[in-house]
Amino acid sequence: MRGGGLALWMLLVSTVLAYGPSSPLALAKVQVVLDAQITADEKTVSEIVAAFDQAESAVQARDVDTLMTLYSKRYNYHRLRKSDARRLWEEIFEYHRQLHSTHLFTRIVTAESGGELRAEVTCTGALWGIGTESGQKVTIDSWSDEVHYLVKEDGKWRIIGNAGVAPETPRFGHAPHPLF
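Calculation notes
Residues numbered from 1 in each chain as written. Predicted model: local features only at pLDDT ≥ 70, side-chain atom pairs only at ≥ 80, totals over all residues. Heavy atoms only, no water. Core = buried A, V, L, I, M, F, W, Y, C linked by side-chain atoms within 4.5 Å. Buried < 20%, exposed > 50% of the residue type's maximum accessible area, 1.4 Å probe, protein only. Helix = DSSP H or I, 4+ residues; strand = E, 2+ residues; numbered from the N terminus. pLDDT = per-residue confidence, 0-100. Contact = heavy atoms within 4.5 Å.

1. Comments concerning the nonpolar core
Phase 1 of the analysis: Ile48, Phe52, Trp89 and Phe105 are the most contacted members of the largest nonpolar core, which totals 32 residues.
Phase 2 of the analysis: Going through the elements one at a time, helix H2 (42-61), helix H3 (64-67), strand E2 (71-77), helix H4 (82-95), strand E4 (96-113), strand E5 (116-131), strand E6 (137-153) and strand E7 (156-161) are the ones with two or more residues in this core.

Structure below.
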């Protein structure tokens, strides 16, 4: 884990263990940490945070159509397309209730590439819910120092996927992170 990533992850985990994933402290949703490395202007940071806040609201409302507006039309993450992400979310909504997530942004870097504005957002967080069959709280997904690659598309920030080529076979214990 790089830099303060371990400390952030420990803070997130200790908050959830102490208060539970449904506590107000664990529901911090989207936060830019105080010492985050930021090369973007304040407006861009606000727009990116707003995009993730809108996605969180869509998750809580179980609104897959609104949630999918966070994904670029060109979304491609380790060969998963936007339609694959939609299917994953539909299954999550089918098998879980009371969903919520936390995103702690530690780095937001923007650059122009090929005439379009792009951003790399380094994030630690998790997605929780209650299993519809078990009634138990479950961690559906968690990530540490994951880089969300975004593109400014149709005036909005959207997740485009990974940069570069994914390995043919993921490393042991490492699965693609397609949700956020």
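2. Details of the confidence of the model for the chain
Phase 1 of the analysis: Within the chain, residue pLDDT values average 81, and 74% of them lie at 70 or more.
Phase 2 of the analysis: Contacts from residues 14-27, a stretch scored under 50 in pLDDT, to residues over four places away or in other chains number 19 contacts.

3. Section: unusual backbone geometry
Most peptide bonds adopt trans geometry, and most residues besides glycine take a negative phi value.
Phase 1 of the analysis: In this structure, aspartate 145 takes a positive phi of about 55 degrees despite not being glycine.
Phase 2 of the analysis: Take aspartate 145: it is sitting in strand E6.
Phase 3 of the analysis: Of the residues examined, aspartate 145 reaches a relative accessible area of 12% and is grouped as buried.
Phase 4 of the analysis: Its identity as a non-glycine residue notwithstanding, aspartate 154 has a phi of 55 degrees, on the positive side.
Phase 5 of the analysis: Here aspartate 154 lies in the loop between E6 and E7.

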